Amino acid sequence: MTPKTRLQVVRRQLDYSADDVIRMLDRLAKRLDVSVMSPTSLKTKLSRWENGHESVSEPYRRLFREIYGRTDEELGFPSEPDDQDVAELRARIAVARQVDPELLESFRLQVDHARQIDRRFGGVTMLDRLRGDIDQVSNLLGHSTLSGHREALAGVLTEASTLAGWEALDRSAHGQAWEHYERAKTAAREAMSAPLLAHATAEQAFVLIDIGETEAAAQQLAVAREMAGDAAPSLLRAWLAAAHGEGLSAVGQRDNALRAFDQADQLLPSEPVDPALPFLFLGGSHLDRWRGNALSKLGEAEAIDQLTDALPRLPEAFTRARTGILVDLAFAYTAAGERDAALEHSRQARHLASQIKSDRQLRRLSGLILPGSS
């Protein structure tokens, strides 16, 4: 049967049953302390919403945005009209003039808090809230007339947008992720920051990898490294080299991929933490797990040892990264013909991916064919 609304299309894309959605709506509403109708009534409403017989109103719009990881537009919800008269414009410019260092720091802390929540619990409850922060900063930037404020706001907007892009990618909202990265690149140019632009450009390439445009991704990652240049912080250059290595592994360029990871290892500073780059994590086991991911894609037997060694060294807070390692191990053991190990790691990965609603990792697992299976 052909879907009748975008709301129904998205549910089917994510492979959720109607009962799944009702349970998620009910759980999220309780967590957010939002009053909603009973599950029985919700079942009737969901049918009417999906068939276009009724429009979805608040708070249900918000709940759908969070459980599906999609925007109002992607879910087919009409946008509210925006008042653009002169009085409104003057008011917005006046508000933008009130931006000061304290407010900018507050925005940065909000983004950093969202980043910490995201890596531990996933983006299931953060993506919609982050979009709200992005709209707020975008509005201030769009109405700011002071050059110093514009660059600072643009820097915050870049970081918020790249984080939102990564969260959207994890929810398999590829179009939304792409747009977040486009905004991030535009904001990085406004901020006149080559490091931020290179980072946003590189992260966007992972959208290309995810949709099968691997050649374009490898090229974009090479461009990102050129953007950064030799003057960029060594931590960023190491991260970009590792990202390029993953892109090269996706197109099967084994030697070039491993060479890029060797370069990343050489560039990685002894203290791989830079306060100016709070979004980069490459110390400890992070570079090792990334290399293991590439080895797994290349079908190298070494991937199992690399990933097995990295797993216990990964900090507890990085739940999404842990999920990725387990998925990589499931594929690596499958390539090695070890069915029991592949099955055990895929079960652990599926459990974590379901907890944090990582549709990307769940989609990867759906393509896993265990040894001996048809």
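Residues numbered from 1 in each chain as written. Predicted model: local features only at pLDDT ≥ 70, side-chain atom pairs only at ≥ 80, totals over all residues. Heavy atoms only, no water.

Overview of the side chain of Arg-131
Right, on to step 1. Position of Arg-131 among the secondary structure elements: in helix α7 (residues 127-143).
Right, on to step 2. Judged by relative accessible area, which is 9%, Arg-131 ranks as buried.
Right, on to step 3. Residues contacting Arg-131, with those up to four places away along its chain left out, are Arg-65, Gly-69, Arg-70, Thr-71, Gln-176 and His-180. (Helix = DSSP H or I, 4+ residues; strand = E, 2+ residues; numbered from the N terminus. Buried < 20%, exposed > 50% of the residue type's maximum accessible area, 1.4 Å probe, protein only. Contact = heavy atoms within 4.5 Å.)

Comments concerning the environment of Thr-334
Right, on to step 1. Within the secondary structure layout, Thr-334 lies in helix α16 (residues 319-335).
Right, on to step 2. Take Thr-334: its relative accessible area is 17%, and that puts it in the buried class.
Right, on to step 3. Once the C-alpha coordinates of Thr-334 and Gln-266 are considered, the two residues, 68 residues apart in sequence, prove to be 31 Å apart.
Right, on to step 4. In this structure, Thr-334 is in contact with Ala-342, Leu-368, Ile-369, Leu-370 and Pro-371, ignoring residues within four places of it in sequence.

Notes on the nonpolar core
Right, on to step 1. Leu-153, Trp-239, Leu-240 and Trp-290 are the most contacted members of the largest nonpolar core, which totals 60 residues.
Right, on to step 2. A total of ten residues in this core trace back to one element, the largest contributor, which is helix α8 (residues 147-170).
Right, on to step 3. Beyond its immediate sequence surroundings of up to four residues, Leu-240 is in contact with Ala-198, Ala-202, Ala-224, Arg-225 and Ala-228.
Right, on to step 4. In terms of nonpolar packing, the next biggest core, distinct from the first, is built from 24 residues, Ala-303, Leu-326, Leu-329 and Ala-341 among them. (Core = buried A, V, L, I, M, F, W, Y, C linked by side-chain atoms within 4.5 Å.)

What about the environment of Glu-190?
Right, on to step 1. Looking at the secondary structure, you find Glu-190 in helix α9 (residues 174-190).
Right, on to step 2. Looking at Glu-190, the relative accessible area reads 30%, which means it is partly exposed.
Right, on to step 3. Linking Glu-190 and His-53, residues 137 residues apart in sequence, is a C-alpha distance of 44 Å.
Right, on to step 4. Ignoring anything within four residues of it in the chain, the contact list for Glu-190 reads Leu-141, Arg-150, Glu-151 and Ala-154.

Looking at the packing of aromatic side chains
Right, on to step 1. Throughout the structure, instances matching the rule amount to nine aromatic pairs.
Right, on to step 2. The interplanar angle of 35° and the centroid separation of 6.3 Å between the aromatic rings of Phe-206 and Trp-290 together place this pair among those described as tilted. Taken together, the residues Phe-206 in helix α10 (residues 194-210) and Trp-290 in helix α14 (residues 286-297) connect sequence positions 84 residues apart. As far as burial versus exposure is concerned, Phe-206 and Trp-290 are alike and both buried. (Phe/Tyr/Trp six-rings, centres within 6.5 Å; stacked < 30°, edge-to-face > 60°.)

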